[in-house]
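Architecture at a glance
Each chain, letter by letter, is given below.
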Amino acid sequence: MSQKHRSYFNHIADGWRNNPPPTQFVDNLIEFDIRANDVVLDVGCGAGCATGQIVKAQPEAVTIAVDVSEKMLAAAKRNLDDGNARFMCSDACSLGLRSSSVQKIICYSTFPHLKNQQAALGEFFRILAPGGKILIYHNCCSRRLNTYHAQINDIVAFDKLPKAERLADMLRQSGFENINVVEQPKLYHILALKGENA
């Protein structure tokens, strides 16, 4: 994210409503098959609404909540007081984690805000272990989300979620395979795999 995005999310962090993810997202987490020995990255965790569900889905996994906004991270820490999550302030394009060190990546309601989306996908591919998976998820389609963002009188008005098929192409360009795409009015769900031989 840009410095302007960081400032924007720091500014709104204190008043952020931490709405729980929909049941459909929780069900998808079960299908995502998070295992006890997995390292799971929640990219753009905000105030931790998805992070909490990840921890509930598999308390034995190592869940790392990442956000570029230190104030959003502080809110996530307050909301997740069970000690089962770790926190890291970092840009998605430069995560500072070892290559092949993560088994699962979740981007819940985050992807449009990434400044260089292709570079972020490349970074995700780098840190994922062979056989690792990424889930990119939104509660509505790209058209609805982009219309909503455009109505906000701030930097996020220019943040765009690509159509799901376009994002699938971007994932392929970064090396991902077995890409599964669903885009409906109330669901945007992309699942992709880093191959075992990558």
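Below is a summary of the structure that appears in this document. (Residues numbered from 1 in each chain as written. Predicted model: local features only at pLDDT ≥ 70, side-chain atom pairs only at ≥ 80, totals over all residues. Heavy atoms only, no water.)

With respect to the nonpolar core
- If you look at the biggest cluster of nonpolar residues, it comprises 35 residues, and the most contacted ones within it are Leu41, Ile105 and Phe124.
- Excluding its chain neighbours within four sequence positions, the residues that come into contact with Ile105 are Phe32, Leu41, Val43, Phe124, Ile127, Leu128, Lys133, Ile134 and Leu135. (Core = buried A, V, L, I, M, F, W, Y, C linked by side-chain atoms within 4.5 Å. Buried < 20%, exposed > 50% of the residue type's maximum accessible area, 1.4 Å probe, protein only. Contact = heavy atoms within 4.5 Å.)

Examining the packing of aromatic side chains
- The full count for this structure, using the stated rule, is five aromatic pairs.
- Look at Tyr8 and Phe9: their rings are 5.0 Å apart centre to centre, the planes differ by 80°, and that puts the pair in the edge-to-face class. Assigned by exposure class, Tyr8 and Phe9 land together as buried.
- An angle of 25° between the planes, with centres 6.0 Å apart, marks the rings of Tyr108 and Tyr137 as stacked. Placement of Tyr108 in strand S4 (residues 102-108) and of Tyr137 in strand S5 (residues 128-138) is noted, with a sequence separation of 29 residues between them. The residues Tyr108 and Tyr137 share a single accessibility class, namely buried.
- Among the aromatic side chains, those forming a connected cluster through ring pairs are Phe25, Tyr108 and Tyr137.
- Across from the ring centre of Phe125, 4.7 Å away, lies the NZ or CZ of Lys194, which sits over that ring. (Phe/Tyr/Trp six-rings, centres within 6.5 Å; stacked < 30°, edge-to-face > 60°. Helix = DSSP H or I, 4+ residues; strand = E, 2+ residues; numbered from the N terminus. Lys NZ or Arg CZ within 6 Å of the ring centre and 35° of its normal.)

Some remarks on the pattern of salt bridges
- For the structure on display, the rule yields five salt bridges.
- Salt-bridge contacts for Glu70 lead to Arg6; the nearest nitrogen and oxygen are separated by 2.9 Å. Highlighted residues: Glu70 in helix H4 (residues 70-79) and Arg6 in helix H1 (residues 3-12), separated in sequence by 64 residues.
- The class for Arg6 is partly exposed, based on a relative accessible area of 27%. (Salt bridge = Lys/Arg side-chain N within 4 Å of Asp/Glu carboxyl O.)

Comments concerning the packing of helix H2 (residues 23-31) against helix H3 (residues 49-57)
- The interhelical angle for the contact between H2 and H3, taken along N-to-C directions, is 45°, at an axis separation of 10 Å. In terms of orientation, H2 and H3 fall into the oblique class. The chirality of how H2 crosses H3 is right-handed. Residues Phe25, Val26 and Leu29 of H2 pack against Ala50, Gln53, Ile54 and Ala57 of H3.
- When its residues are assigned to classes, the contact of H2 with H3 shows six nonpolar, one polar and no charged. (Axes fitted to C-alpha atoms, helices over the stretch in contact; angles between N-to-C directions. Parallel < 35°, antiparallel > 145°, perpendicular 65-115°, else oblique. Left-handed = near helix turned anticlockwise from the far one by under 90°. Nonpolar A, V, L, I, M, F, W, Y, C, P; charged D, E, K, R; others polar.)

What about the packing of H1 against H4?
- Packing of H1 against H4 brings their axes to within 7 Å, and their N-to-C directions diverge by 40°. In this view, H1 runs oblique relative to H4, as classed from their interaxial angle. Residues Arg6, Phe9, Asn10 and Ile12 of H1 pack against Glu70, Lys71 and Met72 of H4.
- Class assignment for the residues of the contact of H1 with H4 results in three nonpolar, one polar and three charged.

Digging into the pairing of S4
- Among the seven residues in S4, six count as buried, and that is most of the element.
- In the sheet, strand S1 (residues 39-43) pairs with S4 via three bridges, with the strands oriented parallel. Its bridge partner lying in S4, Val40 is registered against Lys104.
- As paired elements, S4 and S5 share six bridges and run parallel to each other. Looking across to S5, one finds that Ile105 is bridged to Ile134. (Pairing = 2+ DSSP bridges.)

Examining helix H6 (residues 142-150)
- Looking at H6, one finds that the buried residues are Ser142, Leu145, Asn146 and His149. Buried residues of H6, viewed axially, fall in a sector of 95°; they line one side. Those residues of H6 that are exposed and aimed more than 90 degrees away from the buried face are Arg143 and Tyr148.
- Taken together, the buried residues of H6 touch S5, strand S6 (177-184) and strand S7 (187-193). (Arc of directions from axis to C-beta.)

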